[in-house]
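Letter by letter, the chains look like this.
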Amino acid sequence: MLFNHNSVFYIIALLGAVQLPVKSLVNASSGSDKRMFSSSSGKARTFPTTLEGFGYGFNEDGKLKRIDKETGKLTEKGFDFNIYTSAQENQAHYEALGETITDAVYERLEKNVGMKKLFLPDDVPQEEATFIFSTTDKLNKSKKLLVLIHGSGVVRAGQWARSLIINHSMESGTQIPYINKGRELGYEVLLTNTNDNYRKVAGGGTKGIKGSRNPTEHAVSVFEKYIIPSEPEAVAIVAHSYGGVVTVELAQKFPQFFKEKVFAVGFTDSVHSSSLVPEVLIPIGRNWVTSKEPLDTTLTISKRDLPRYSAGHIKHEMTSYSCMDALFKFFEQRYEQFKGDADSSGPDTKKPKSEL
């Protein structure tokens, strides 16, 4: 199997998931104000479940800053990783803080951005389901629909990179700029949650979420439950890192829908296998990858893969943020072409076809 030059990120991510020296023993349950993490030596430590409990907050610029203990106000001091003498305890602290970051992003999506939470599946108790976010509580024949698919690991709906949210800003690390830009251009926006795959069960252990036991199964369920039945006129997809793998598999699963409805796909440093890319994606997609070249510079292109362009940044996790302007410019060009093709081919060629 042939992989593109960024596949190493996914391989490293998988290895890192095995080698992490700490792990969460208890996720915060309703009413709990502590999370317990354990190191490989077996030493457990509990952590708060709120940003304030950790002594942090986000300022007006969306940057994480330390709270002054005496005044209760935000300072100019950012995140400090090394607060313990043990590297393992520092990692545990970082991971526990990361869980509160996820909660903070979810809250901001609903309260500040106005996103609606849609449950999946919707026929089980909500605590047993996962959820996605949408600009509307019911998708119905969207003129333009933008679907955002994050990468692998700890990120959840609304995030591109947790490390950026902690160390840089909400602006660079979350999908909120994409939501705002999408709305500005007339899109309804839907955020997938492909890494939210399990729930804790009584007596210990975990149980896979029905229809979302892995990233691809989750994305397929989102398409089958919400996207395809809503009969959108035109769909664009942005996928970061392993999200590119998920998108390739979606195109394999729903070839007719992609042929008729998906007018543009923007990968940001995707780790997909070029040998698996369906033909339908190549003319409608681009992959903005890490590069020292200026933003949107054309890079080496394989006939069997999406065209590659510079994301204007050398860090993998920054590619989604750094290439956003170029990506939306491409989307607008593709949309105009898509509309022109639809108009010239007649009114009956774009009838939705069920693939369920």
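Residues numbered from 1 in each chain as written. Predicted model: local features only at pLDDT ≥ 70, side-chain atom pairs only at ≥ 80, totals over all residues. Heavy atoms only, no water.

Looking up the chain in an unreviewed UniProt entry gives the name Arb2 domain-containing protein, with the organism given as Aedes aegypti.

**Q** Account for the confidence of the model for the chain, with residues named and values stated.
**A** Counting all residues, the mean pLDDT for the chain is 88, and 84% of those residues have values of 70 or more. Per-residue pLDDT, averaged within each element of the chain, yields its smallest value for strand β1 (residues 22–26) (37) and its largest for strand β8 (residues 145–149) (99). Low confidence marks residues 1–32, where pLDDT is under 50. Its contacts with residues over four positions away, or in another chain, come to 61 contacts. The model gives residues 349–356 a pLDDT under 50, and that stretch makes 18 contacts with residues more than four places away or in other chains. (pLDDT = per-residue confidence, 0-100. Helix = DSSP H or I, 4+ residues; strand = E, 2+ residues; numbered from the N terminus. Contact = heavy atoms within 4.5 Å.)

**Q** Quick rundown of the environment of Glu128? Include the residues and the values.
**A** Structurally, the position occupied by Glu128 is in the loop between β6 (116–120) and β7 (130–134). Between the alpha carbons of Glu128 and Lys200 there is a distance of 8.8 Å; along the sequence they are 72 residues apart. The contacts of Glu128, once residues within four sequence positions are left out, are Arg199 and Ile209.

**Q** So what about the environment of Thr71? Which residues, and what values?
**A** With respect to the secondary-structure elements, Thr71 resides in the loop between β5 (64–66) and α3 (87–111). For Thr71, a relative accessible area of 52% gives the class exposed. Within the local environment of Thr71, its side chain forms a polar contact with the backbone nitrogen of Lys73, the two atoms lying 3.2 Å apart. (Buried < 20%, exposed > 50% of the residue type's maximum accessible area, 1.4 Å probe, protein only. Polar contact = N/O pair within 3.5 Å; in protein donor to acceptor, adjacent residues only side chain to side chain.)

**Q** Provide a residue-level description of the nonpolar core, including the pertinent values.
**A** Counting 52 residues, the largest nonpolar core has Leu64, Leu146, Leu148, Tyr178 and Phe331 as its most contacted members. Sort the elements by how many residues they give to this core and α3 lands first, with nine residues. Each of two domains, domain 1 (40–112) and domain 2 (113–343), supplies a minimum of three residues to this core. Not counting the four nearest positions on each side in its chain, Tyr178 is found in contact with Leu146, Leu148, Trp160, Val238, Thr268, Ser320, Cys323, Met324, Leu327 and Phe328. Ranked by size, the runner-up nonpolar core spans 36 residues in total, among them Leu120, Val147, Val235 and Ile282. (Core = buried A, V, L, I, M, F, W, Y, C linked by side-chain atoms within 4.5 Å. Domains from an automatic or database assignment.)

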